[in-house]
Amino acid sequence: GHFGVYASVLPGVPEPALRGWAWASRAMNSRWGGLRARLAGPWARRGPEWALEHRRTHDAVPLPAPLLRGAAALGAEADGVADLGVVVPTTRVWADSGDAGVTV
């Protein structure tokens, strides 16, 4: 991980005042995907901001024949969808101090 201290520079103040702290880390694994974490907070007593994210690319999944025919009819050959006949799904799960969600 990485730990940092951040500062806020104000006009007319000769030296920046240290305002808080931050920590971030990222791990990647070919089987389990990627995991990112971040934590930051002011020196004041307010709670810290945090974020956690997991992202993974899964194995290719063959598309059903009717879907391939429909994609070909819509002109998806230009994008390579009908030619390959597979999709590679990716999932993303995240949460932070203000929101959370899932993307497939």
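Just above, that's the structure.
Residues numbered from 1 in each chain as written. Predicted model: local features only at pLDDT ≥ 70, side-chain atom pairs only at ≥ 80, totals over all residues. Heavy atoms only, no water.

With that out of the way, let us pick up the overall build of the protein chain. The number of helices and strands found in the protein chain is two helices and eight strands. Listing each helix as α and each strand as β along the protein chain from the N terminus yields β-β-β-β-β-α-α-β-β-β. Residues counted as buried form 15% of the 104 residues belonging to the protein chain. For the protein chain, the proportion of contacts with a sequence separation of at least 24, taken over those separated by at least 6, is 33%. (Helix = DSSP H or I, 4+ residues; strand = E, 2+ residues; numbered from the N terminus. Buried < 20%, exposed > 50% of the residue type's maximum accessible area, 1.4 Å probe, protein only. Contact = heavy atoms within 4.5 Å.)

In this section: a nonpolar patch on the surface. A grouping of L35, W50 and L52 is seen on the molecular surface, where their side chains present a nonpolar patch of about 270 Å² in accessible area. Tracing the backbone shows L52 in strand β4 (residues 49–57). Here L52 falls in the partly exposed class, since its relative accessible area comes to 43%. (Patch = residues over 30% accessible without salt bridge, like charges linked within 9 Å, V, L, I, M, F, W, Y side chains within 5 Å. Areas by Shrake-Rupley, 256 points an atom, 1.4 Å probe, with all protein chains shown as cover. Salt bridge = Lys/Arg side-chain N within 4 Å of Asp/Glu carboxyl O.)

This part is about the environment of V87. For V87, the location among the structural elements is in strand β6 (residues 86–87). Among the residues examined, V87 registers a relative accessible area of 36% and is labelled partly exposed.

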